[in-house]
Amino acid sequence: MNRIFSGMQPTRQLHLGNYLGALRNWVDLQNSYECIFCVVDLHALTIDQDSEVLRNNIREVAAAYIAAGIDPDKNILFNQSVVPGHAELSWILSCHTPLGWLNRMTQFKEKAGKQKDMANLGLYAYPTLMAADILLYKATHVPVGEDQKQHLELARDIAGAFNRRYETEFFPLPEPQILGEATRVMSLRDGKKKMSKSDESEYSRINMTDDADTIAQKIRKAKTDPEPLPETVTELEARPEADNLVTIYGALAGQSREQVLAQFAGAQFSDFKKSLVDLSVDKLAPITSRMKELLGDKAEIDRLLKKGGERAAAIAEKNLNDVKDIIGLLRP
Ligand code: TYM
């Protein structure tokens, strides 16, 4: 059986990278797979959180999933912390994960910065919790943006090591699904940096809750170079900021970069940006307004998350019991 698991952290607002790199693909995949979509709130604790803000962000991410087109009845939609199995399996897997594997993780190196000794243990163990998320449901496929590739490889390594250690094929090796044109959306201020929630510049990203004026302002200010749009993708690739805007346009329009260039080659960026603003607003405004509507009824979001949590917990409990039996934990 094919089963999808994927998730997003409720840290700050979701942005265009989250939408184009992951969420939009989930919407398509929900028709071909059994899907579990999670708001990974335990992962969010790896950075300092205000409790009221965190609670609201969890609801906001759930609202974004639904507003983008995830059906909460057809799929399982829940927040991670309501299913205790995530933390429990994470511990079990961490006892099967050599430190050397975690030491290779580039995200820890980037996020911990120079003061590694001051980084919290959760940030270091983050990838084992992510492996637990996926393996708790024996998910076979994980749709993510390109930045999660290394974490996915680790999840596969951990699953493989567990299977070998206990001479079983209990865990499927989860396949990453890195799909579409915009697997790595870059910052609007620096075409060599990923668009990210943690960038201090608001102008580096388009948030899913930005209104039309804000989107227009951010795109207008987006860094470009003085040359007009080129004719070929090869010429584009030497110009990271230009490439990023063309990629975003293509992803929103459902076109390849070649198709975008066929339409805009020779155009000035000031004109191309106008078309990009119109397209972005056209695609994002309906999602933003649906999100706002959903967030007007918090009790309903909580009800949906609770129902999803119960469905997730039923699968998780069975699998976790099987894991305990395999490794020899007594369940009297
Ligand atoms: P997170 O919350 O950083 O991002 C959520 C999803 O958005 C994708 N993404 C991007 N895609 C393209 N361009 C970008 N600039 C960009 N920024 C983010 C991410 O690849 C991701 O798919 N560790 C995960 C959350 C997680 C998870 C999991 C994912 C926890 N457990 C289990 C899958 C399965 C993360 O931090 O995503």
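Residues numbered from 1 in each chain as written. Predicted model: local features only at pLDDT ≥ 70, side-chain atom pairs only at ≥ 80, totals over all residues. Heavy atoms only, no water.

An unreviewed UniProt entry annotates the chain as Tryptophan--tRNA ligase of Azospirillum picis. Recorded in UniProt under Subunit (unreviewed entry), the annotation for the chain is "Homodimer." According to UniProt, the comment filed for the chain under the heading Function (unreviewed entry) is "Catalyzes the attachment of tryptophan to tRNA(Trp)." (UniProt positions renumbered as here; feature names shortened; annotations may be inferred.)

A. Main features of the state of the cysteines. Per the stated rule, a full pass over the model turns up zero disulfides. Of all cysteine sulfurs, the one in Cys38 lies closest to Cys35, which takes part in no disulfide; the gap is 13 Å. (Disulfide = S-S within 2.5 Å.)

B. Seen up close, the domain arrangement of the chain. Its domain assignment divides the chain into domain 1 (3-183 + 298-327) and domain 2 (210-292). Relative to domain 2, the C-alpha centre of domain 1 lies at a distance of 30 Å. If you look at the interface, domain 1 gives eleven residues, while domain 2 gives eleven residues. Taking both partners together, domain 1 and domain 2 bury about 990 Å²; carbon and sulfur atoms supply 75% of that area. A per-residue breakdown of the area domain 1 buries against domain 2 is headed by Leu16, Ala67 and Glu181, which together make up 49% of the total. Where domain 1 meets domain 2, there are zero salt bridges. Taken together, the links from domain 1 to domain 2 amount to one residue pair in polar contact (both at pLDDT 80 or more). (Domains from an automatic or database assignment. Contact = heavy atoms within 4.5 Å. Buried area = accessible area lost by both parts, 1.4 Å probe. Salt bridge = Lys/Arg side-chain N within 4 Å of Asp/Glu carboxyl O. Polar contact = N/O pair within 3.5 Å; in protein donor to acceptor, adjacent residues only side chain to side chain.)

C. Representation of the nonpolar core. One finds Leu20, Leu23, Tyr65 and Phe272 to be the most contacted residues of the largest nonpolar core, which totals 63 residues. Per element, the largest residue contribution to this core is ten residues, and it comes from helix H3 (residues 51-68). Two domains each donate at least three residues to this core, and these are domain 1 (3-183 + 298-327) and domain 2 (210-292). Grouped together as the second largest cluster of nonpolar side chains are 42 residues, Leu135, Ile158, Phe162 and Phe171 included. (Core = buried A, V, L, I, M, F, W, Y, C linked by side-chain atoms within 4.5 Å. Buried < 20%, exposed > 50% of the residue type's maximum accessible area, 1.4 Å probe, protein only. Helix = DSSP H or I, 4+ residues; strand = E, 2+ residues; numbered from the N terminus.)

D. Structural context of the side chain of Ser187. Within the secondary structure, Ser187 is located in the loop between strand E5 (175-177) and helix H9 (212-221). Looking at Ser187, its side chain comes within polar contact range of the main-chain nitrogen of Asp190, at 3.2 Å. When neighbours within four sequence positions are excluded, Ser187 is seen to be in contact with Lys193, Lys194, Met195, Asp199, Ser204 and Asn244.

E. Local environment of the pairing of strand E2 (residues 34-39). Of all the six residues making up E2, five are buried; the element is thus mostly covered by neighbouring parts of the structure. As judged from the six bridges shared by strand E1 (residues 3-8) and E2, these two strands associate in the parallel manner. Looking at the pairing, Phe5 lines up with Ile36 of E2. In this fold, E1 hands off to helix H1 (residues 16-29), which returns the chain to E2; that crossover is right-handed. Bridge count between E2 and strand E3 (residues 76-79): four bridges; the pairing is parallel. Residue pairing for E3: Ile36 is matched across the bridge by Ile76. (Pairing = 2+ DSSP bridges. Right-handed = clockwise from strand over helix to strand, strands pointing away.)

F. Layout of the layout of surface pockets. The volume enclosed by the largest pocket comes to roughly 1200 Å³. Forming the walls of the largest pocket are 47 residues, and the residues nearest its centre are Gln107, Lys111, Asp147, Gln148 and Lys194. By residue class, the composition of the lining of the largest pocket is 16 nonpolar, 19 polar and twelve charged. By volume, the second largest pocket amounts to about 430 Å³. Lining the second largest pocket are 19 residues, and of these Ser90, Leu121, Gly122, Ala125 and Thr128 lie nearest its centre. Breaking the lining of the second largest pocket down by element, the ones donating at least two residues are helix H2 (41-44), helix H4 (85-94), helix H5 (99-103) and helix H7 (121-136). Ranked by residue count, the leading element in the lining of the second largest pocket is H7, at seven residues. Residue composition of the lining of the second largest pocket, by class: eleven nonpolar, eight polar and no charged. (1 Å grid on protein atoms, 1.4 Å probe; cavity = no way out; pocket = protein on both sides within 12 Å on 5 of 7 lines; lining within 4 Å. Points joined across faces, edges and corners; volume = space filled by probe spheres on them. Nonpolar A, V, L, I, M, F, W, Y, C, P; charged D, E, K, R; others polar.)

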